[in-house]
Amino acid sequence: MALTAPTNDLTGNTIASTYDQLLIIDHADGIVEATLGTVSTQIGKSALSISDEHILIKGVDTNNAAGFEVQQTDGTSILKIAADTPAATLIGALTVGVDGTGHDVIFYGDSPSSNMTWDQNGNTDGQLILNDARLFIDQDENGEALYIDTEASGNYGISVSGKYGIQVTQDLSGGLGAYFARNIAEAGTYALVTIIDDHASNTQPALKIQQDGAGYGIYIDQNGNASALYIDSESTTAVASLDIRADALTTGRIAYFNSNSVDTSTRNLVSIVNDDYRATGATCLNLRQDSGGSAIKATSVLGYMNTGAGAGFVEITHTGNSSSNTNNLLFIKNDDASSIGTTGIYVQQDSTAPAISAEGGIVEQGGVLKENLLTNSGFDVWSNSTLETVSTLVDDDAGDDDTGDWSTFSDSFIHDTDHYEIVRAASAGRIYRAAATTVGKLYKLTITVKAGAGGADNFEFGVSNGDVQPSTYEGGVMTITGTSTASEVTHTKVFESVAAGNRVIVWVTNATADLECSDMLLEEVTPGCGADLAPDGWINGTSTGLLTMRREHDGSNTKKGSFYALRANWTNTNNNYAVTQNLGAAGMLERFQGRTLTFGCWIKVEAGVNGYIRIDDGVGGTSSAVHATSTYTWVEVTHAVDENATTLSALLKHTGNDNPTTIYFSQPMLVFGSSIGEGNYTRPVNEVVTCEAAIGVLSAYSLSSDTDFNLEVETDGKIPKGVKAFEATMLLTPSTIDKYFTFEYTNGLRSFLSYSAHGTTQTPHNFLALCDSNGVFRLERNGTFTVSMNAIQIQLR
């Protein structure tokens, strides 16, 4: 009801102090309106109204709400409602309802539907609900911010449902992100912490740990007598139990097992057990090593080991099979046929004890543990050779008009009697034609040029890829560059193809001149011999040129296991002409007399029929079976050398039934013993081949800058690819005094020659030069030297 101003004032009256109650209002009939109303007529003063509906304290001025306060006798406020800033303060406990009969309490927020509700009947026990709100606890004191003590036997103390469950961020050092502890004798079925990702289609981890610091990702301190880590996997096809990836690891370990306890009992630091005899296809330990490191490396740190009977650094024991089944205690398999440099077992023994000791002997299954007694068995070194043409990619002598074979970007490209004339356009001047090279093979470029009517002109002739200037393609490795003159000059260059160029180009550099060119050739070449000449260490069986040979570098005509093969061509039917290696030199024959030798080789027939091999000791000889097909076949022959043998030769032969006959021989091998077996070809590691003739590497070369040299290219293939080192003689003539000269790898590692010149006198040197894996060496200097170099020994890898 509204308050009205009084019509009469009570003034000038005094209530005696003897009255113990100042005001009593007793109206038995009940007053519908205000029982007691006090109204001020002055603005800013308060008003009091007590009715059957409420107690109202209201300011007459709407901007000045009245205050209300309840005090104890000592003046302490119990309930206070402020007048200046509307707020209520309750001193003491607040009770809503009575025990057993509760009431709901709701606190509303600014946003719609945002509230905190005490639901007195929620879940029968009451519950506090935060609806579209959050509970924020700012705990600045040293106590728990949230403490839950639950005695529930079938429900969790905390249960969270949602897209994101719980996030814990530790932002003060020295503490923990989370701590779970259990100090009871738990004999039930529940782990302290259980993580269940229970959907079969889930593809993400159930637990992910990211550790960016130097601490452990997972640290387990297992003090009880049980496994520290137990994995039960039901995976059927994927990595079943443990998959460890460390792609960024460079110096550490992917896994480390260490036991530092004093224990003399028999035990295994790591045990791998396949416990189901039916799993016949299961491998207990499968190691794959894709880098150049060891797949397994074992080191004895203390320097000693158990030397009891049957014991060793590595012990393999087979028990539980008394049958006659065939079993391998150790099986080593190189499962890639192209891995020709892989050794199945390599033993380095630095002491005087045997490298391998086999009680009961070694049984040869196709030949094992053999040393090749032949030299230069890979047909690598050809000091007596000249360059032979394998195939011709481009052959245009300009004797007739073949302009139609060329494409042009020139202003003018014409044929004039015995040459072509090329005039460069303002933007380009070049002719080209298809000519694909194979990476790794040797090629020779030849061109004859002359300046045209426009005068001398710079030109380039080489192999390129697309419309690319030859000198800019692969650093100009496959390019002749020069300047034409008034006379015809023939230019040649031998190179190793380092990229699969697909065209040969003549490029005219100047825009105001023209070029006359003829005799343009691009040929695949290789070292070859004839007329009493052969690869180093081998002998040509004819001095009349009826047997010619060349080194073969071709995937279809070489056999995996060796980079090169020998192509032998007979233009006669005399089977006495053979490719021979003589092992009966003075002082050498005695090591073979009375011994059993086996000679083996791969043979492929290109033309004609019937290739074979033979061992001959001057008293008798033994020939292999004859091979006559165009696929490589392994043949071998065993011969008991006579105790009175006068010579000893290993021969690569043909039967003489056809003329001509062309046969490829690959990986010849001569060993002591009765067998070799295909695929067991070897040659001595770091074999040194002494050159039958000095091989010219450099001839009066003016070295004015640090330069790399490819041995195969500089020697026209007489020295093969990838040699490890070569011994050479060299003449050095410095142009000025106090200069230095150094022979190096291309990667900066020095060889054995470092020369400081204090004069300009020609100085001879003999030295061992090291090469990189591509057979490339580097000469460095700080002045100009004239260099002449000849190789006399070649060390193969």
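Look above for the structure.
Novice: Got a sec to walk through the overall build of the chain? Specific residues and values, please.
Specialist: Helix and strand counts for the chain come out as one helix and 38 strands. Approximately 51300 Å² of the chain is accessible, and the part contributed by carbon and sulfur atoms is 48%.

Novice: Any chance you could break down the environment of S487 for me, citing the residues and the numbers?
Specialist: The residue S487 is located in the loop between β17 (479-483) and β18 (489-496) in this model. Classification of S487 by relative accessible area gives partly exposed; the value is 47%. Put simply, S487 and G452 are 35 residues apart on the chain and 9.9 Å apart in space, counted from C-alpha to C-alpha. Discounting chain neighbours no more than four positions away, the residues touching S487 are V449 and K450.

Novice: I'd love a proper account of the pattern of salt bridges, names of residues and values included.
Specialist: Inspection of the entire model under this criterion finds twelve salt bridges. Residues R551 and E712 are paired through a salt bridge, measuring 3.4 Å at the closest nitrogen-oxygen approach. Placement of the pair is R551 in strand β22 (residues 547-552) and E712 in helix α1 (residues 711-714), with a sequence separation of 161 residues. Between R614 and D616 there is a salt bridge; the shortest N-O distance is 3.4 Å. Judged by its relative accessible area of 24%, D616 falls in the partly exposed class. Several salt bridges share partner residues, and in doing so they unite E496, R551, E712 and K721 into one network.

Novice: If you had to explain the sheet that holds strand β4 (residues 68-71) to someone new, which residues and values would you point to?
Specialist: The three strands are arranged β4-β5-β6 in an open sheet whose pairing can be described as antiparallel. The two strands at the open ends of the sheet, each matched to only one other strand, are β4 and β6 (88-90). This sheet shows a mean twist of 5° between the axes of neighbouring strands, independent of strand direction. Alignment of strand β5 (residues 77-81) against β6, held across three bridges, turns out to be antiparallel. Across the sheet, the residue bridging to L79 is L90, located in β6.

Novice: Give me the sheet that holds strand β11 (residues 407-408): which residues, what numbers.
Specialist: As summarised here, the arrangement of the five strands in space is β11-β14-β19-β16-β17, forming an open sheet in which the pairing is antiparallel. Every interior strand has two partners, whereas the edge strands, β11 and β17, have only one. Pairing geometry for strand β14 (residues 430-434) and strand β19 (residues 503-508), over five bridges, is antiparallel. When the sheet's bridge partners are listed, Y432 is paired in β19 with I505.

Novice: How would you explain the nonpolar core if you had to name every residue and give the values?
Specialist: F599, L652 and F665 are the most contacted members of the largest nonpolar core, which totals 33 residues. Elements with a minimum of two residues in this core: β22, β23 (565-570), β25 (596-607), β26 (611-616), β28 (633-640), β29 (649-654) and β30 (661-672). Per-element accounting of this core gives the leading share, five residues, to β25.

The rules behind these values
- Residues numbered from 1 in each chain as written.
- Predicted model: local features only at pLDDT ≥ 70, side-chain atom pairs only at ≥ 80, totals over all residues.
- Heavy atoms only, no water.
- Helix = DSSP H or I, 4+ residues; strand = E, 2+ residues; numbered from the N terminus.
- Areas by Shrake-Rupley, 256 points an atom, 1.4 Å probe, with all protein chains shown as cover.
- Buried < 20%, exposed > 50% of the residue type's maximum accessible area, 1.4 Å probe, protein only.
- Contact = heavy atoms within 4.5 Å.
- Salt bridge = Lys/Arg side-chain N within 4 Å of Asp/Glu carboxyl O.
- Pairing = 2+ DSSP bridges.
- Axes fitted to C-alpha atoms, helices over the stretch in contact; angles between N-to-C directions.
- Core = buried A, V, L, I, M, F, W, Y, C linked by side-chain atoms within 4.5 Å.

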